[in-house]
Amino acid sequence: MIRFEKVTPDNFEGVINLKLRDDQVGFLENNLYSLAESKVFDYLEPRAIYADDTLIGFMLYYFQPDGVTRQMGPGEGKHEIHSGGQDYIYFKRLMLDQSFQGKGLGRAAMTAALAFFKEEYPSAAFVELMHYMDNDTGASLYESVGFASTGEVRRTLRPGTEDEYDEELVRRMYY
């Protein structure tokens, strides 16, 4: 069974030691960066992902109520979210340790996260995420659990740089 726990002193080291496959490095920031980001931008929610009692991954997200303006994090640039007056979840990062990939746990974690979000935030009308254009593995996973492309591509500044930009495809899954 997949479950999500807050990052605590007990699981902190395990979370920051989770590793991506070599071909996935660069598709998202490491977990230590994500945890630091969640301390600076307190609306971000970091969670450790467990399969039963085994730590398998990490996710970062936030709930965006309609009408609330936030100072966006580094690299997110200035973009306007067209939510149609609806509350939503922004699913910022999902990572699964390389040793647990290819076993259906990524899809299970994503499906469980979508249910978790709806339970925690019943007013959320949809979940939004972005992924790099060449992240075929991520695209396949997101499509398999119901995320559809909005057709929007966002250009964002790569964290830690002054002039490197990434283009990411926006996807949504409506409840």
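Note that the structure is predicted; figures quoted are calculated from it, not measured.

What counts as what
- Residues numbered from 1 in each chain as written.
- Predicted model: local features only at pLDDT ≥ 70, side-chain atom pairs only at ≥ 80, totals over all residues.
- Heavy atoms only, no water.
- Salt bridge = Lys/Arg side-chain N within 4 Å of Asp/Glu carboxyl O.
- Helix = DSSP H or I, 4+ residues; strand = E, 2+ residues; numbered from the N terminus.
- Buried < 20%, exposed > 50% of the residue type's maximum accessible area, 1.4 Å probe, protein only.
- Expected span 1.5 Å × (residues − 1).
- Pairing = 2+ DSSP bridges.
- Axes fitted to C-alpha atoms, helices over the stretch in contact; angles between N-to-C directions.
- Contact = heavy atoms within 4.5 Å.

**Student:** So what exactly am I meant to see when it comes to the pattern of salt bridges here?
**Tutor:** It is possible for side chains bearing opposite charge to pair when their charged atoms get close. Applying the stated criterion across every chain yields a total of 11 salt bridges. With a closest N to O distance of 2.9 Å, Arg-171 and Glu-143 form a salt bridge. Within this pair, whereas Arg-171 is found in strand 7 (residues 165-174), its partner Glu-143 is found in helix 4 (residues 136-144), the two being separated by 28 residues in sequence. For Glu-143, a relative accessible area of 48% translates into the label partly exposed. Each of the salt bridges in this network shares a partner with another, and the network as a whole consists of Glu-29, Glu-37, Lys-92 and Arg-93.

**Student:** Can you help me understand helix 3 (residues 105-120) in this one?
**Tutor:** Note that an α-helix has 3.6 residues per turn; residues three or four places apart therefore point the same way. Spanning 16 residues, helix 3 covers 22 Å between terminal C-alpha atoms, matching the ideal 22 Å at 1.5 Å per step. When we look at burial in helix 3, the residues that qualify are Leu-105, Gly-106, Ala-109, Met-110, Ala-113, Leu-114, Phe-116 and Phe-117.

**Student:** Sorry, what's going on with the sheet that holds strand 5 (residues 124-132) here?
**Tutor:** Pairing between the strands of a sheet is mediated by backbone hydrogen bonds and can be parallel or antiparallel. Taken together, the 7 strands give an open sheet; going across it, the order is 1-2-3-4-5-7-6, and neighbouring strands pair in mixed fashion. Across the chains shown, the open sheet's two edge strands, defined by having one partner strand only, are strand 1 (2-6) and strand 6 (148-157). Mean inter-strand twist for the sheet, computed between neighbouring axes without regard to direction, equals 35 degrees. Where strand 1 lies against strand 2 (residues 45-51), 5 bridges are found, and the strand directions are antiparallel. For Glu-5, the partnering residue across the bridge sits in strand 2 and is Ala-48. This element, helix 2 (residues 31-40), spans strand 2, strand 3 (54-64) and strand 4 (87-96) of the sheet and lies at about 35 degrees to strand 3. Of the strands in this sheet, strand 1, strand 2, strand 3, strand 4, strand 5 and strand 7 are in contact with helix 3, which crosses strand 1 at around 65 degrees.

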